[in-house]
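One-letter residues, chain by chain:
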Amino acid sequence: GLTNVSLLIHTGPDGEKAWPKKYPFCGGVFQSPIDFHKAILQYDSNLLPLEFIGYDVPSTDQFTLINNGHSVKMYLSPAMSIRNLPFEYTASQLHLHWGNQNKSEGSEHTVGGKHFAAELHIVHYNSEKYPDITAAMDKADGLAVLAVLLEIGPFSPSYEKIFRHFRNVKYKDQKVLVPGFNVQELLPDRLDEYYRYEGSLTTPPCYPSVLWTVFRHPVKISQEQLLALETAMYCTERDDPEPLEMVDNFRNVQDFHERLVFISFR
Ligand code: SG5
Ligand code: ZN
């Protein structure tokens, strides 16, 4: 199961090249992430800006932030949903992917071969057809993930609303409560320009169940904030004699075969 994905598996003998042995979908079709390059992009005038419902969460509500040994995840409110997709999708959780302090690459999706520093994923499930995320996650129309590319720039007070809690989830299985805030603050100002394609979960079991929306414009966080993300957490438990840093938890880009990515901008 996913818990064994812990000691993350992106590199080494049990790294992502070995995923298909245990998780056949990882070697299958519609895999993510991918590189966005000219030859596969097609403008689609039907791609409207998404609408966010219930994303402004009152500070009296609380989100649980948890280190599960391969990423850091924050559970979201079932009152949060997105409209303007083929179905109504309800938010489940957000998490991040990043590199390490010695390199500038940590994003999963790339643009013209270029990596960004890190990437935020907000995972939603098709609540029109499925009762919960578990039922939805292996269905072709089950999930919708929003992705935000992160790059270095000025300090982000919005991202800090999550990042300031990393010191309380340093080790595997640690949890902390985060006061509610407007989750839309984590998205770029330009919500109208994005890449859209059908892909997969980027970790085992790699189900081809995700309608991806990757925003064109990156969001900036400071060098210090990125360093905090890259160095704050461990894949291992507090008392583990061999601590393992949580770094490089991004998957390499996948073959795009005969597919197209639709873009909302020219
Ligand atoms: C991360 O990415 C998430 C997974 C997520 C996969 O590994 O893990 C964390 O954030 C752990 C703290 O989330 C979970 O394990 C919660 C169920 O898997 C899913 O969201 C399955 C529905 C893959 O998600 S991704 O394709 O957006 N990267
Ligand atoms: Zn992810």
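As the structure is a prediction and not an experimental result, all values here were calculated from the model.

Asker: In this structure, what is going on with helix H4 (residues 223-231)? I would like to understand it.
Answerer: Helical periodicity: at 3.6 residues per turn, an α-helix aligns residues three or four positions apart in one direction. Within the span of H4, buried status applies to Gln225, Leu226, Leu229 and Glu230. Taken around the axis of H4, the buried residues stretch over an arc of 135 degrees, which confines them to a single face. Packing partners of the buried residues in H4 comprise strand S7 (89-98), strand S9 (118-126), strand S10 (143-152), helix H3 (157-163) and strand S14 (219-221).

Asker: Help me out: how do you make sense of the side chain of Ser200 in this one?
Answerer: Tracing the chain through its elements places Ser200 in the loop between strand S12 (194-199) and strand S13 (210-215). Accessibility expressed as a relative area gives 0% for Ser200, which makes it buried. Each residue touching Ser200, except ones within four places of it in the same chain, is listed here: Phe30, Gln31, Ser32, Cys206, Tyr207, Pro208, Ser209, Val210, Trp212 and Arg251.

Asker: Sorry if this is basic, but what is going on with a negative patch on the surface here?
Answerer: Negative charge collects at one region of the surface, where Glu237, Asp239, Asp240 and Glu242 lie side by side. Looking at where Glu242 falls in the secondary structure, it is placed in the loop between H4 and strand S15 (261-263).

Asker: Would you mind showing me how to read the coordination of the zinc ion (ligand 2) here?
Answerer: Octahedral metals with six donors have ideal donor angles of 90 or 180 degrees. Tetrahedral metals with four donors have an ideal donor angle of 109.5 degrees. Bound to the zinc ion (ligand 2) are the protein donor atoms His95 (NE2), His97 (NE2) and His121 (ND1), situated 1.9 to 2.0 Å from the metal. If you look at the zinc ion (ligand 2), its four donor atoms make angles of 100 to 114 degrees with each other, and the shape they trace is tetrahedral. Linear spacing of the donor residues for the zinc ion (ligand 2) on their chain is H-x1-H-x23-H.

Asker: Looking at this structure, how should I read the site of ligand 1?
Answerer: The environment of ligand 1 is formed by 18 residues, the closest being Asn68, His70, Gln93, His95 and Thr202. Contact between ligand 1 and His97: a nitrogen atom at 3.2 Å from a side-chain N or O atom of the residue. Measuring from a nitrogen atom of ligand 1, one finds a side-chain N or O atom of Thr202 at 2.7 Å. Coverage of ligand 1 by the protein chains reaches 93% of its 600 Å² of free accessible surface. Elements with a contribution of two residues or more to the shell around ligand 1: S7 and S9.

Asker: For this particular structure, what's the right way to read the state of the cysteines?
Answerer: As used here, a disulfide is simply a covalent bond connecting the sulfur atoms of two cysteines. A full pass over the atoms with the stated rule returns one disulfide. With its sulfur 2.1 Å from that of its partner, Cys26 forms a disulfide with Cys206. The chirality of the disulfide connecting Cys26 with Cys206 is right-handed, given an S-S dihedral of about 85 degrees. Taken as a pair, Cys26 in the loop between helix H1 (19-22) and strand S1 (35-36) and Cys206 in the loop between S12 and S13 lie far apart in primary sequence, 180 residues in all. There is no split in this pair, since Cys26 and Cys206 are both buried.

Asker: So what exactly am I meant to see when it comes to the pattern of salt bridges here?
Answerer: Oppositely charged side chains are able to pair whenever their charged atoms sit close together. Evaluated as defined, the whole model comprises ten salt bridges. For the salt bridge of Asp138 with Lys139, the shortest nitrogen-to-oxygen distance reads 3.0 Å. The exposure class assigned to Asp138 is partly exposed, which follows from its relative accessible area of 42%. Lys220 is the salt-bridge partner of Glu151, the closest N and O atoms lying 3.1 Å from each other. On the criterion of sequence distance, the pair formed by Glu151 in strand S10 and Lys220 in strand S14 is long-range, its members being 69 residues apart. Residue classification places Lys220 among the partly exposed positions, given a relative accessible area of 40%. Among the ionic contacts, a cluster of salt bridges with common partners joins Arg190, Asp192, Glu193 and Arg216.

Asker: Would you mind going over the nonpolar core with me for this structure?
Answerer: Note on soluble globular proteins: their nonpolar side chains tend to be buried together. Core analysis: the biggest nonpolar cluster contains 49 residues, and Phe166 and Val183 have the highest contact counts within it. No other element matches S7, which puts five residues into this core. Once residues lying within four places of it in the same chain are set aside, the contact partners of Val183 are Tyr55, Phe63, Leu76, Met80, Leu94 and Ile122. If you look at the next biggest cluster of nonpolar residues, it comprises 23 residues, including Val123, Tyr125, Val214 and Phe256.

Asker: Help me understand the side chain of Arg196 in this model?
Answerer: With respect to the helices and strands, the residue Arg196 is situated in strand S12. In this structure Arg196 is buried but unpaired, with Asp44 as the nearest side chain of opposite charge at 7.3 Å. Reaching out from Arg196, the side chain makes a polar contact with the backbone oxygen of Trp212 at a distance of 3.4 Å. One polar contact links Arg196 to Thr213, side chain to side chain, over a distance of 2.8 Å. Ignoring sequence-local partners within four residues, the contact set of Arg196 consists of Leu47, Leu50, Leu85, Leu211, Trp212, Thr213, Val261 and Phe262.

Parameters and conventions
Along every chain, residues carry numbers that run from 1 in the direction the sequence is written. Chains carry letters and ligands carry numbers; both start at the beginning, A for chains and 1 for ligands, and go up in the order they are written. pLDDT decides what is reported in this predicted model: residues at 70 or higher carry local features, side-chain atom pairs at 80 or more are listed and counted, and totals for whole chains, interfaces and linings draw on all residues regardless. Excluding hydrogens and water, the side-chain figures rest on all heavy atoms present in the structure. Relative accessible area decides the class of each residue, using a 1.4 Å probe on protein chains only: under 20% of the type maximum gives buried, over 50% gives exposed, and in between gives partly exposed. Numbering goes from the N terminus for both helices and strands, where a helix is a DSSP run of H or I of at least four residues and a strand is a run of E of at least two. Here, the arc refers to the directions that run from the helix axis to the C-beta atoms. Throughout, a contact is declared for two residues whenever any of their heavy atoms are within 4.5 Å. Any residue with relative accessible area above 30% and no salt bridge may belong to a patch, with like charges joined within 9 Å and the nonpolar Val, Leu, Ile, Met, Phe, Trp and Tyr side chains within 5 Å. Throughout, the Shrake-Rupley method with a 1.4 Å probe supplies accessible areas, and for residues the shown protein chains are the sole cover considered. Throughout this description, the term salt bridge denotes a Lys or Arg side-chain nitrogen within 4 Å of a carboxyl oxygen of Asp or Glu. By the counting scheme adopted, Arg and Lys are positive, Glu and Asp are negative, and His together with the chain ends is not counted. Note on charges: their place is set at NZ of Lys, CZ of Arg, CG of Asp or CD of Glu. Only N, O and S atoms count as donors, using a 2.8 Å limit from the metal and a wider 3.2 Å limit for Na, K and Ca, and since water is excluded some coordination spheres may look unfilled. Just to be clear on the cut-offs, tetrahedral is four donors with all angles between 85 and 135 degrees, square planar is four donors and octahedral six with opposite donors over 155 degrees apart and all others between 65 and 115, and anything else goes down as irregular. We call a residue near a given molecule or strand whenever any one of its heavy atoms falls within 4 Å of it. Contacts described as polar in this section are N or O atom pairs within 3.5 Å, which, within protein, must combine one atom able to donate a hydrogen with one able to accept it, while residues neighboring in sequence count only if both atoms come from side chains. To count as a disulfide, a pair of cysteine sulfur atoms needs to be within 2.5 Å. By nonpolar core we mean a set of buried residues, namely Ala, Val, Leu, Ile, Met, Phe, Trp, Tyr and Cys, connected to one another through side-chain atoms within 4.5 Å.

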